[in-house]
Amino acid sequence: MKGSIVVVDDKPDNLYLLQSLLTAHGYAVETAHHGAEALAIARLRKPALCITDLLMPVMDGYSLIRNWKADPRLQDVPIMVYTATYTDPDDERLANEMGADGFLVKPTEPEALLAAIQAVLKRHANIVTASNPIDEALMLEQYNAALVRKLEEKSIELETSNLLLREEARARQRLLTMRDAILDSLPAQVALIDHEGIVVAVNSSWEAFLAARGRLTPNMVVGGNYLVACRNLDVVLAEVGLSTLKGVEDVLAGRMPVFELEYPFPEEAGKPPMWIRIVITPIMHNDRTGAVISRFDVTDRRQVEEERRETAERLSLAVDAADIGIWELLDDGTLTWNRVMRDIYALPDDVVPTIKLWRSMADPIERQTADAAVRTLVKEGGRMERQFVMRCHDGVERHILGVAKALPAAGGTPGKLIGTNIDISERHRQAMALQAVNSRLETLVSQARIGIVVQREFKALLANDALAHIFGLPDRHAVLALPDYSQFFPLDQRLKIVDQFNALLADEPATDIVMMQGKRADGQPLDIEVRAFGIDWDGGRAVCAMITDVTGQRAVEAQLRQAQRLEAVGQLTGGVAHDFNNLLTVILGNAELLEEGLEQDPFKHRLAGMIVRAAERGADLARHLLAFSRRQRLEPGSVDINAMLCSLKDFLGRAVGPMVRLEVDLAPGLWSAMVDLAQLENALLNLAVNARDAMPGGGKLVITTHNVPMQDAHVDRPSDLAAGPQVMISVSDTGSGMDEATRLRAFEPFFTTKEVGKGSGLGLSMVYGFVKQSNGAVQIRSAPGKGTVVELWLPKSTIAPHQASARGDREPLPGGSEHVLVAEDDPMVRAQVVAQLEMLGYLVTSADNGMDALALLQEDTDFDLLFTDIVMPGGLNGHELVAEALVLRPSLPVLLTSGLADRAERPASSDLHRFSMLAKPYHREELALKVRDAIDSAARGIRTG
């Protein structure tokens with residue numbers, strides 16, 4: 001503890017603050033309310049310091065200082081002045097002269113006060129106190145002067161206070177007068193009561209109303225007790241009196257901010273009661289809570305409200321019947337809904353509708369839109385209507401039509417919002433369904449590949465782009481801009497369709513389909529097919545016509561007829577070639593035997609050689625026929641077309657001669673094609689020779705290559721071409737060209753435009769058959785005087801191209817002694833092949849059909865080779881015979897032969913692809929090599945194919 005301090009002040013608050021401050025900083029504090037009390041305390045318990053005010057009762061601060069310094073026991077204890085009254089420099093000088101050790105003016109910051117105290121204590125500890133003589137007379141004179149000065153100041157302050165009090169009294173009187181005037185001017189009966197219920201004031205309406213009805217009792221006027229008056233009301237108003245009494249008590253006690261009550265006030269007999277509304281609000285009266293009691297005549301308002309209630313009830317019935325939801329949002333945020341609103345939002349009765357709940361049913365965008373709309377309505381007023389979607393309380397999304405209106409409050413500012421909601425979900429579904437139908441209809445019309453037009457007298461009211469394209473116009477707007485689209489058809493065609501359109505407008509029977517010919521905008525010929533029906537359009541009858549461009553279809557139909565004719569010719573030529581090959585097999589085989597046997601007779605040997613050459617030419621002719629009929633034997637492989645053309649270019653140049661300039665334009669990165677290389681080379685040679693013959697005076701022959709992806713829509717692909725990526729070889733010349741009739745017959749066998757003896761007419765037919773058999777297509781473009789372009793379309797190969805191996809030198813014919821079973825239905829061919837094999841040393845057994853051959857195999861399985869024709873009568877062809885034979889002898893070697901390549905194709909479900917094939921007609925050398933190879937391969941465990 002730092003020591004004790006005596007604090008002297010006549011104000012308890014000042015004492016408390018100083019005591020709290022000093023105690024908190026470790027000082028012991030004793031308090032005194034005047035100087036005399038301070039001296040008594042100090043003389044009992046000598047303190048370390050005294051802090052005193054100056055202006056105090058009993059003994060002021062100056063007297064305390066003088067007596068403190070005159071007391072030998074206290075004169076060494078420092079004393080400080082802390083004053084708010086004596087603040088002049090003279091006051092401070094007097095205090096210092098009387099012996100004060102410090103002087104501070106109130107208020108002083110705590111830190112500064114504490115620092116001053118510590119400074120006084122420290123300074124006094126270092127000073128040896130000496131008693132200084134004091135001039136008592138001078139001191140008394142100065143003290144009296146200070147007192148007089150302060151008395152004068154206080155007198156002035158007192159006079160000023162009296163003036164203020166008098167002015168306040170006058171103002172109070174004016175306020176009372178004004179209060180009474182205000183009370184009398186109020187459109188209500190008003191009384192003021194104090195905290196005990198005493199009536200302080202009433203207005204004239206209060207007294208007049210009660211006096212007129214004989215109820216102006218002493219407790220209802222000034223000086224009476226309103227609480228007592230409420231307790232003593234008669235039976236008619238007793239219940240009202242008790243309710244009012246409790247309301248007044250609650251307001252006076254602060255339990256209720258305002259009390260309101262409406263009740264019927266009895267009038268004279270035969271008159272309806274007057275409705276009174278009493279409002280009791282608190283008011284401060286002499287620093288205590290009083291009350292203002294206001295009574296209003298609300299009879300007219302109640303009557304209006306009743307009428308409104310009845311009207312609202314009738315309106316509510318009508319609204320409920322119309323399923324209109326009604327809501328009301330007050331400015332305090334209160335939201336009310338009617339029954340229909342709850343039904344729309346599926347809100348249970350126990351859930352209170354709030355703005356927060358309503359907003360939770362909307363998505364974020366709708367919430368922002370609704371908030372902005374409400375702000376606009378509140379700010380600007382007016383009316384708003386909009387549609388929105390809400391996910392209601394039951395989780396169902398509903399489309400709602402909402403109308404909101406701002407009702408102005410006092411002063412014209414918006415006070416509340418009211419509105420209606422209608423569930424339009426069903427209407428929206430119907431609208432969406434109609435929109436979907438219209439959208440689908442619009443899409444069908446706009447995306448349809450056929451032309452669609454709604455028209456009256458050939459004036460288009462609606463059209464699509466497909467119709468515009470049929471007519472050669474840019475888009476449907478160009479059609480709609482035409483005054484009359486019949487300009488695309490000659491008069492006879494127009495007359496044909498007019499009769500149909502007139503019948504449809506009159507709802508009479510009409511032709512279902514009408515074929516018409518006309519011209520496009522660019523003059524190109526146009527064939528269309530018209531289907532039409534009558535339709536109601538914009539308040540009248542119109543014709544809706546669906547127009548199909550069949551120009552291309554007619555061309556395709558013509559091509560199809562041509563292809564069918566070629567197919568029929570191909571079937572005929574294939575059959576002829578098959579029989580021809582059988583004959584040539586006999587002729588060629590026997591001629592070769594004669595040629596070998598007549599070497600000693602030159603003349604006969606030469607005759608036999610001529611037979612061999614004639615048979616070989618016949619075989620070439622048969623191969624051409626089979627190529628056209630797509631029945632030749634092909635050996636397709638992956639061919640590098642560009643490499644093939646590079647190696648073939650010089651040969652083709654010699655073939656066309658010096659008068660024709662040959663150009664080869666090869667596409668970089670060209671795909672390989674799956675094709676028979678030898679047949680392709682032969683086809684290109686045929687096309688080059690044809691081009692040369694079409695340019696007798698010379699010209700240019702151009703061969704180009706292209707990759708054609710499957711998705712390339714910019715290339716005119718042949719209509720009979722299979723889907724997939726293609727390699728296209730184009731052979732074009734600058735020759736005389738051909739007309740359409742010639743172009744359509746160009747692929748027919750034996751058809752030629754050359755002079756007699758200049759051509760066989762099989763060149764293009766061979767090319768056509770070979771490419772078609774290779775799963776490709778051929779296309780000719782030509783016009784008289786514009787040259788000819790022949791396009792070969794070949795399927796892209798998926799494997800790498802192979803290199804041809806070099807052929808070895810010719811060796812002697814191999815033979816053997818094995819047992820060979822020959823199955824051949826043609827007796828001459830069978831006899832010839834048996835003779836050939838026997839001459840080669842083989843043991844031969846023959847059968848004229850598959851059933852007999854199978855019987856021989858069942859009787860004797862000691863055969864080393866089965867050599868069978870494929871096309872045989874008797875119920876078992878070559879493929880079926882081989883299948884049965886392999887059941888008996890799984891390791892039996894097999895060699896197949898046929899004059900038709902397509903019949904030589906193996907069934908996909910079998911393993912006959914393992915065996916070799918010998919195409920008719922064949923040379924003796926080919927027969928010997930194939931037979932020997934088949935037997936030797938089987939012996940080595942290898943099947944050849």
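Conventions adopted
- Residues numbered from 1 in each chain as written.
- Predicted model: local features only at pLDDT ≥ 70, side-chain atom pairs only at ≥ 80, totals over all residues.
- Heavy atoms only, no water.
- Helix = DSSP H or I, 4+ residues; strand = E, 2+ residues; numbered from the N terminus.
- Expected span 1.5 Å × (residues − 1).
- Buried < 20%, exposed > 50% of the residue type's maximum accessible area, 1.4 Å probe, protein only.
- Arc of directions from axis to C-beta.
- Core = buried A, V, L, I, M, F, W, Y, C linked by side-chain atoms within 4.5 Å.
- Contact = heavy atoms within 4.5 Å.
- Axes fitted to C-alpha atoms, helices over the stretch in contact; angles between N-to-C directions.
- Parallel < 35°, antiparallel > 145°, perpendicular 65-115°, else oblique.
- Left-handed = near helix turned anticlockwise from the far one by under 90°.
- Nonpolar A, V, L, I, M, F, W, Y, C, P; charged D, E, K, R; others polar.
- Pairing = 2+ DSSP bridges.
- Phe/Tyr/Trp six-rings, centres within 6.5 Å; stacked < 30°, edge-to-face > 60°.
- pLDDT = per-residue confidence, 0-100.
- Salt bridge = Lys/Arg side-chain N within 4 Å of Asp/Glu carboxyl O.

Another point: helix α5 (residues 110–125). Here α5 contains 16 residues, and its C-alpha end-to-end distance of 23 Å stays within 8% of the 22 Å for a straight helix at 1.5 Å per residue. Among all positions in α5, only Leu 113, Leu 114, Ala 116, Ile 117, Val 120 and His 124 are buried. Seen along its axis, α5 keeps its buried residues to an arc of 160°; they face one direction. α5 presents Glu 111, Lys 122 and Ala 125 as exposed residues on the side facing more than 90 degrees away from its buried surface.

Let's shift gears to the nonpolar core. Counting residues in hydrophobic clusters, the biggest one holds 39 residues, and the most contacted among them are Ile 641, Met 644, Leu 680, Leu 684, Leu 701, Ile 729 and Leu 792. Ignoring any residue separated from it by four or fewer positions in sequence, one finds Leu 792 in contact with Leu 680, Leu 684, Leu 687, Val 727, Met 728, Ile 729, Val 767, Val 771, Ala 777 and Val 778.

Attention shifts here to unusual backbone geometry. Cis peptide bonds are those with omega within 30 degrees of zero, and the linkage from Lys 106 to Pro 107 qualifies with -10°. Positionally, Pro 107 belongs in the loop between β5 (102–105) and α5. At Ala 346, a position not held by glycine, the phi torsion is positive, near 55°. Summarising the element assignment, Ala 346 is placed in the loop between α11 (339–345) and α12 (355–360). Look at Phe 458: it is not a glycine, yet its phi comes out positive at around 65°.

Another aspect to go through is the packing of helix α20 (residues 641–656) against helix α21 (residues 677–693). Across the interface, α20 lies against α21 with an axial gap of 10 Å and an inter-helix angle of 40°. Here α20 lies oblique to α21, going by the angle between them. Seen from above, α20 lies across α21 with right-handed handedness. Packed against α20, whose contacting residues are Ile 641, Met 644, Leu 645, Leu 648, Phe 651, Leu 652, Ala 655 and Val 656, the element α21 presents Leu 677, Leu 680, Glu 681, Leu 684, Leu 685, Ala 688 and Arg 692 at the interface. Its residues placed into classes, the contact of α20 with α21 shows 13 nonpolar, no polar and 2 charged.

Take the environment of Ala 321 next. Tracing the backbone shows Ala 321 in helix α10 (residues 299–321). Residue classification places Ala 321 among the exposed residues on the basis of a relative accessible area of 66%. Separated by 19 residues in the primary sequence, Ala 321 and Val 340 have C-alpha atoms spaced 9.3 Å apart.

Glancing now at the sheet that holds strand β25 (residues 726–733). Ordered in space as β22-β24-β25-β27-β26, the 5 strands form an open sheet in which the pairing is mixed. Strands with a single pairing partner mark the edges of an open sheet, and in this sheet they are β22 (660–665) and β26 (777–782). Each neighbouring strand pair of the sheet contributes to a mean axis angle of 15°, computed without reference to strand direction. In the sheet, strand β24 (residues 699–708) pairs with β25 via 8 bridges, with the strands oriented antiparallel. From the neighbouring strand, Val 708 faces β25, where its bridge partner is Gln 726.

Further remarks concern the packing of aromatic side chains. Working definition: an aromatic ring pair is given by the centre-to-centre distance plus the angle between the planes. For the structure on display, the rule yields 10 aromatic pairs. Look at Phe 458 and Phe 501: their rings are 5.8 Å apart centre to centre, the planes differ by 50°, and that puts the pair in the tilted class. In this pair, Phe 458 is assigned in the loop between β16 (451–456) and β17 (459–463) and Phe 501 in helix α17 (residues 491–505), connecting sequence segments 43 residues apart. Ring centres of Phe 471 and Phe 488 lie 4.5 Å apart, and the angle between their planes is 10°; this geometry places the pair in the stacked category.

Moving on, we get to the confidence of the model for the protein. As a general rule, the predicted coordinates of low-pLDDT regions are not to be interpreted in detail. When pLDDT is averaged along the protein, the result is 81, and 82% of the positions lie at 70 or above. Confidence over residues 804–810 falls short of pLDDT 50; this stretch has 1 contact with residues more than four positions distant or in other chains.

Quick look at the pattern of salt bridges now. Counting across every chain of the model gives 39 salt bridges. A salt bridge links Arg 277 to Glu 260; the shortest N-O distance between them is 2.4 Å. A residue pair is termed long-range when its members are at least 10 positions apart, and Arg 277 in strand β9 (residues 274–285) and Glu 260 in strand β8 (residues 259–265) qualify at 17 residues. Residue Glu 260 is classed as partly exposed on the basis of its relative accessible area of 43%. Linking Glu 306 and Arg 309 is a salt bridge whose minimum nitrogen-to-oxygen distance equals 2.6 Å. Taken together, the residues span about one helical turn, with Glu 306 and Arg 309 both in helix α10 at a distance of 3 residues. Here Glu 306 falls in the partly exposed class, since its relative accessible area comes to 35%.

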